Amino acid sequence: MKSYKELPSDAGSNIIGQVTAQVNRVQKRLASVKHTVAIMSGKGGVGKSSLTANLAAALTLKGNTVGVVDADINGPTLAKMMGVRNATLGYTPAGVKPAVTALGTKLISMDLLLAEDDAPVLWNAHTQKDAFTWRSTMEVSALREFIADTEWGSLDYLLLDLPPGTERLPNVVELVPDLGGVVVVTIPSEVSQLIVKKSVTMAKDVLNIPIIGVVENMAFYVCQHCGEEEPLFSAGEALDTAFQQVILGSVPFDPRLARSGDDGTLYLDEYPDAPASKALMQVAEKVQAFLKKSP
Ligand SMILES: Nc1ncnc2c1ncn2[C@@H]1O[C@H](COP(=O)(O)OP(=O)(O)OP(=O)(O)O)[C@@H](O)[C@H]1O
Ligand SMILES: [Mg+2]
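These lines cover the structure that appears in this document, whether it is placed above or below. (Residues numbered from 1 in each chain as written. Chains lettered and ligands numbered in written order. Predicted model: local features only at pLDDT ≥ 70, side-chain atom pairs only at ≥ 80, totals over all residues. Heavy atoms only, no water.)

This paragraph deals with the overall build of the chain. Helix and strand content of the chain: 10 helices and 11 strands. Classification of the 295 residues of the chain by burial places 47% in the buried group. Summarising the internal contacts of the chain: among those between residues at least 6 apart in sequence, 76% fall at separations of at least 24. (Helix = DSSP H or I, 4+ residues; strand = E, 2+ residues; numbered from the N terminus. Buried < 20%, exposed > 50% of the residue type's maximum accessible area, 1.4 Å probe, protein only. Contact = heavy atoms within 4.5 Å.)

Scanning the entire structure with this criterion turns up two aromatic pairs. Here Tyr221 and Phe253 contribute two aromatic rings whose centre-to-centre distance is 6.2 Å and whose plane-to-plane angle is 45°, an arrangement assigned as tilted. Residue Tyr221 is found in strand β9 (residues 211-222), and its partner Phe253 is found in strand β11 (residues 247-253); the two are separated by 32 residues along the sequence. Among the residues examined, Phe253 registers a relative accessible area of 33% and is labelled partly exposed. (Phe/Tyr/Trp six-rings, centres within 6.5 Å; stacked < 30°, edge-to-face > 60°.)

Looking now at helix α8 (residues 255-263). Of all the positions in α8, only Leu257, Ser260 and Gly261 are classed as buried. End-on, the buried residues of α8 take up no more than an arc of 100°, which puts them together on one face. In this structure, the buried residues of α8 make contact with α2 (48-61), α3 (78-81), α9 (267-270) and α10 (275-293). Looking at where α8 begins, the residue whose side-chain oxygen comes 2.9 Å from the main-chain nitrogen of Arg256 is Asp254. (Arc of directions from axis to C-beta. Polar contact = N/O pair within 3.5 Å; in protein donor to acceptor, adjacent residues only side chain to side chain.)

Glancing now at helix α6 (residues 190-206). The end-to-end C-alpha separation of α6 is 23 Å, in line with the 24 Å expected for 17 residues at 1.5 Å each. Within the span of α6, buried status applies to Ser192, Gln193, Val196, Ser199, Val200, Met202 and Ala203. Of the residues trailing α6, Asn208 is marked for its positive phi of about 60°. (Expected span 1.5 Å × (residues − 1).)

You will see that Asn208, though not glycine, has its phi angle at about 60°, which is positive. Structurally, Asn208 is set in the loop between α6 and β9. The class of Asn208 is exposed, set by a relative accessible area of 66%. A positive phi angle, close to 50°, is found at Gln244, a residue other than glycine. Following the sequence through the fold, Gln244 ends up in the loop between α7 (239-243) and β11.

Our focus in this paragraph is the nonpolar core. The biggest cluster of nonpolar side chains holds 79 residues, and the ones touching the most others in it are Val69, Leu159, Leu169, Leu179 and Val183. Among residues more than four places away in sequence, those in contact with Leu179 are Thr36, Val37, Ala38, Leu160, Leu169, Val172, Val173, Ile209 and Pro210. (Core = buried A, V, L, I, M, F, W, Y, C linked by side-chain atoms within 4.5 Å.)

With that settled, consider the site of ligand 1. Around ligand 1 sit 17 residues in total, of which Gly45, Lys48, Ser49, Ser50 and Asn217 are the nearest. Here Ser49 contributes a backbone N or O atom positioned 2.9 Å from an oxygen atom of ligand 1. In the complex, the protein chains occlude 80% of the 630 Å² of accessible area that ligand 1 would expose alone. Counting residues per element, the ones that place at least two in the shell around ligand 1 are α2, β9, β11 and α8. Among the elements that line the shell around ligand 1, the one with the most residues is α2, at three residues. (Near = heavy atom within 4 Å. Areas by Shrake-Rupley, 256 points an atom, 1.4 Å probe, with all protein chains shown as cover.)

So, about the pattern of salt bridges. Between side chains of opposite charge, a pair can form as their charged atoms come close. Scanning all chains against the criterion turns up nine salt bridges. Residues Asp156 and Lys34 are paired through a salt bridge, measuring 2.9 Å at the closest nitrogen-oxygen approach. In this pair, Asp156 is assigned in strand β7 (residues 155-161) and Lys34 in strand β1 (residues 33-40), connecting sequence segments 122 residues apart. You can call Asp156 buried: its relative accessible area is 17%. (Salt bridge = Lys/Arg side-chain N within 4 Å of Asp/Glu carboxyl O.)

That is the geometry; function is a separate question.
Right, here's the structure in full:
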């Protein structure tokens, strides 16, 4: 299938002109953002969104201005996890005002644009079967608009929470060429490591993007009665050997973290002494340190 760049004629739609204008708007918006970071994992359900929400909160608690793009257009969860599901977006001539959490973190998500809880995102086409062929192009276009049309103001960090799938990163790199780095999330299982290694290769070797490091999520379970640490998965290789990357932290499974995500409350504030909170704060510190050193 040809991309819009290869079309001999655009039937008068000026598609290249439209995309170029959007790309220029993205560049202008990102001029006031110091660092952009993508949170990714080839694997689904390993905790990318939970990590993004908590990393954003941790960086905000450390005195930074932080924005988040929920780049999961079809399965957006961050408005709920960050407690702003009922926010109404404001529109000004300069752009859309993002939702702002109680802590001051900014968020834009497809979820904030859908009227009903159970409404799926449907792309406009004669039939949904036709829409399938355009889905990825339209998703990238929606993402480009999210970044370009949101009035972020000055940000220290803009975090992008990617949907599962290794193929999403090239789209993001096309939109944000000077991506500061990627945080890769995995769980300890061999199945997860197998897929997540492909994301590392995609980022590092194919796209030449700096990898900030790997976060091992649901690394173990701390018994809330005796404090004993129990493994949750039979782990594969040691992570640093498997990925040949810096391990930013091992976040234990904590049912209260899942509860906070469901309730949209601030886990780090509610349970600052929990092992998962300490691990998440450590991840934030390592991300900050990495970006401070990068050009
Ligand atoms: N360390 C943890 N302890 C307890 N629950 C967790 C932890 N990490 C994630 N969860 C829970 O696991 C579920 C999946 O997490 P999350 O939605 O963040 O994964 P994801 O990788 O973003 O998924 P998807 O691939 O669908 O985008 C959520 O209910 C979340 O609250
Ligand atoms: Mg997610």
